Amino acid sequence: SDIWAVNAMAFHPKFGTFATMGADGAYNFWDKDNRQRLKEFKKCNVPLTCGAFNHDGVIFAYAASYDWSKGSEHYTIKTNNIMLHSVQEKEVKPNPASIGRRR
C-alpha cells in the first residue's frame, strides 16, 4: 500500500467543509466535524498541487502538475493543467444526521 502526500487543502466558504488535493492525483471533499469523506472523485494521472473554491463555493478549481515529490530525475510530465469542477451542494454540505456521531 502506497502512502501519498496531501499537497493542499481548501475550505468551502459556506459550509466549512474542505477539499484535499493529493500527490496520488486524487481530490476529496471532507466534513471535518463529522470526520467523514463527503465525496471521492476519480483520480487524475498526475499529482494535484493546489486547489480552491470560488467566493460562493459553486466552483472548485484545481491544478494538476508534477509536484517534485520524487525529485528532478522523475520530472517527465511537462504539462500543467487547471481544471474546474461545478460543485453540487450535496457534495460539500455536512450530513446533519451524523453530527455528533463520532467513532
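Residues numbered from 1 in each chain as written. Predicted model: local features only at pLDDT ≥ 70, side-chain atom pairs only at ≥ 80, totals over all residues. Heavy atoms only, no water.

Q: Explain the sheet that holds strand β2 (residues 18-22) residue by residue, including any values.
A: The pairing of strands in a sheet comes from backbone hydrogen bonds and takes either a parallel or an antiparallel form. Reading across from one edge, β1-β2-β3-β4 is the order of the four strands in this open sheet, with antiparallel pairing throughout. Edge positions in the open sheet fall to β1 (6-11) and β4 (36-40), since each of these has one partner strand only. Neighbouring strand axes in the sheet, compared pairwise and without regard to direction, differ in orientation by 30 degrees on average. Bridge count between β1 and β2: five bridges; the pairing is antiparallel. If you follow Met9 over to β2, its bridge partner there is Thr20. (Pairing = 2+ DSSP bridges. Helix = DSSP H or I, 4+ residues; strand = E, 2+ residues; numbered from the N terminus. Axes fitted to C-alpha atoms, helices over the stretch in contact; angles between N-to-C directions.)

Q: Outline the pairing of strand β3 (residues 27-31), listing residues and values.
A: Here β3 lies mainly inside the structure; four of its five residues are buried. Relative to β3, β2 runs antiparallel, the two being bridged by four bridges. Directly across from Phe18, in β3, lies its bridge partner Trp30. Remark: four residues form the turn of the hairpin made by β2 and β3, two consecutive strands paired antiparallel; Gly25 in that turn has positive phi of roughly 90 degrees. Across four bridges, the pairing between β3 and β4 is antiparallel. Bridge assignment links Asn28 to a residue of β4, and that residue is Glu40. (Buried < 20%, exposed > 50% of the residue type's maximum accessible area, 1.4 Å probe, protein only.)

Q: How would you explain the sheet that holds strand β7 (residues 81-86) if you had to name every residue and give the values?
A: In space, the three strands of this open sheet follow the order β5-β6-β7, with antiparallel pairing throughout. Each of the sheet's edge strands pairs with one partner strand only, and the pair in question is β5 (48-53) and β7. Ignoring which end each strand starts from, the neighbouring axes of this sheet average 20 degrees apart. Two strands pair when backbone bridges link them, and β5 and strand β6 (residues 59-64) are joined in this way by five bridges, in the antiparallel orientation. What sits directly across from Leu48, in β6, is Ala64.

As far as function goes, none of this settles anything; it's purely spatial.
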